[in-house]
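Single-letter residue listing:
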Amino acid sequence: RESPKGNISRLGIPEYDWGGNCMHGVQSMCYSSDHCPTSFPNPNTLGSTFNTTLWHRMGQVIGLELRALWLQNVGEYHPSSGLPHIGLDCWSPNVQIQRDPRWGRNM
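Since the structure is predicted, the reported quantities are computational estimates derived from the model, not experimental observations.

## Examining the overall build of the protein
- When helices and strands are tallied, the protein shows 2 helices and 2 strands.
- Shown N-terminal to C-terminal, the secondary structure of the protein runs as helices and strands in the order β-α-α-β.
- Classification of the 107 residues of the protein by burial places 27% in the buried group.
- Here the contacts in the protein between residues at least 6 apart in sequence split such that 55% fall between residues at least 24 apart.

Next up, the structure:
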């Protein structure tokens with residue numbers, strides 16, 4: 001995927017990386033050697049729990065960590081791509097992706 005190219009300086013809008021990957025936690029670089037985002041089980045495993053409270057709590061943690069990483073100007077985990085720091089929106093976990101037409105064909 002391509003990130004927006006740069007900023008809009010005449011409006012004072014900085015570059016922005018939209019659509020970070022958060023399928024099982026914020027997938028970004030660590031902001032220090034001992035502070036990395038939480039990695040949760042994959043969506044198929046989470047869906048098999050049938051625990052909506054767990055899914056809701058996981059979404060809260062992802063949102064909190066995404067905001068913290070954004071405030072620290074941490075980049076998405078693509079060191080050689082030159083993408084700007086991670087944005088405030090992401091592709092988040094969802095349940096039953098086979099029923100969501102936006103995902104196209106599935107296994």
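Let's pick the thread back up.
## Section: unusual backbone geometry
- Despite not being glycine, Phe50 shows a phi value in the positive range, around 55°.
- Looking at the secondary structure, you find Phe50 in the loop between α1 (43-47) and α2 (52-71).

## Digging into the nonpolar core
- With 12 residues, the main nonpolar core is built from Cys22, Val26, Phe40, Leu46, Met58, Val61, Ile62, Leu66, Leu69, Val74, Ile86 and Cys90.
- Here this core takes 5 residues from α2, the largest share from any one element.

## A short note on the state of the cysteines
- In this structure the tally under the stated criterion is 1 disulfide.
- In this model Cys30 forms its disulfide with Cys36; the gap between the sulfur atoms is 1.8 Å. The disulfide joining Cys30 to Cys36 has a torsion of about 100° about its S-S bond and is therefore right-handed.
- Taking the relative accessible area as the measure of exposure, Cys36 reaches 42% and is therefore partly exposed.

## What about the environment of Ser39?
- With respect to the helices and strands, Ser39 occurs in the loop between β1 (20-21) and α1.
- Sequence spacing of Ser39 and Cys22 is 17 residues, and the spatial spacing of their C-alpha atoms is 9.3 Å.
- Within the local environment of Ser39, its side chain forms a polar contact with the side chain of His24, the two groups lying 3.5 Å apart.

## Examining α2
- Spanning 20 residues, α2 covers 29 Å between terminal C-alpha atoms, matching the ideal 28 Å at 1.5 Å per step.
- When we look at burial in α2, the residues that qualify are Met58, Val61, Ile62, Glu65, Leu66 and Leu69. Buried residues of α2, viewed axially, fall in a sector of 135°; they line one side. The outward face of α2, more than 90 degrees from its buried face, is lined by the exposed residues Thr52, Thr53, His56, Leu64 and Leu71.
- Considering only its buried residues, α2 is in contact with α1 and β2 (90-91).
- For α2, the N-terminal capping position is held by Asn51, with its side-chain oxygen 3.1 Å away from the main-chain nitrogen of Thr53.
- Of the residues one or two after α2, Asn73 is the one with positive phi, at around 60°.

Calculation criteria
Residues numbered from 1 in each chain as written. Predicted model: local features only at pLDDT ≥ 70, side-chain atom pairs only at ≥ 80, totals over all residues. Heavy atoms only, no water. Helix = DSSP H or I, 4+ residues; strand = E, 2+ residues; numbered from the N terminus. Buried < 20%, exposed > 50% of the residue type's maximum accessible area, 1.4 Å probe, protein only. Contact = heavy atoms within 4.5 Å. Core = buried A, V, L, I, M, F, W, Y, C linked by side-chain atoms within 4.5 Å. Disulfide = S-S within 2.5 Å. Polar contact = N/O pair within 3.5 Å; in protein donor to acceptor, adjacent residues only side chain to side chain. Expected span 1.5 Å × (residues − 1). Arc of directions from axis to C-beta.

In short, the description is geometric, and any link to function would need to be established separately.
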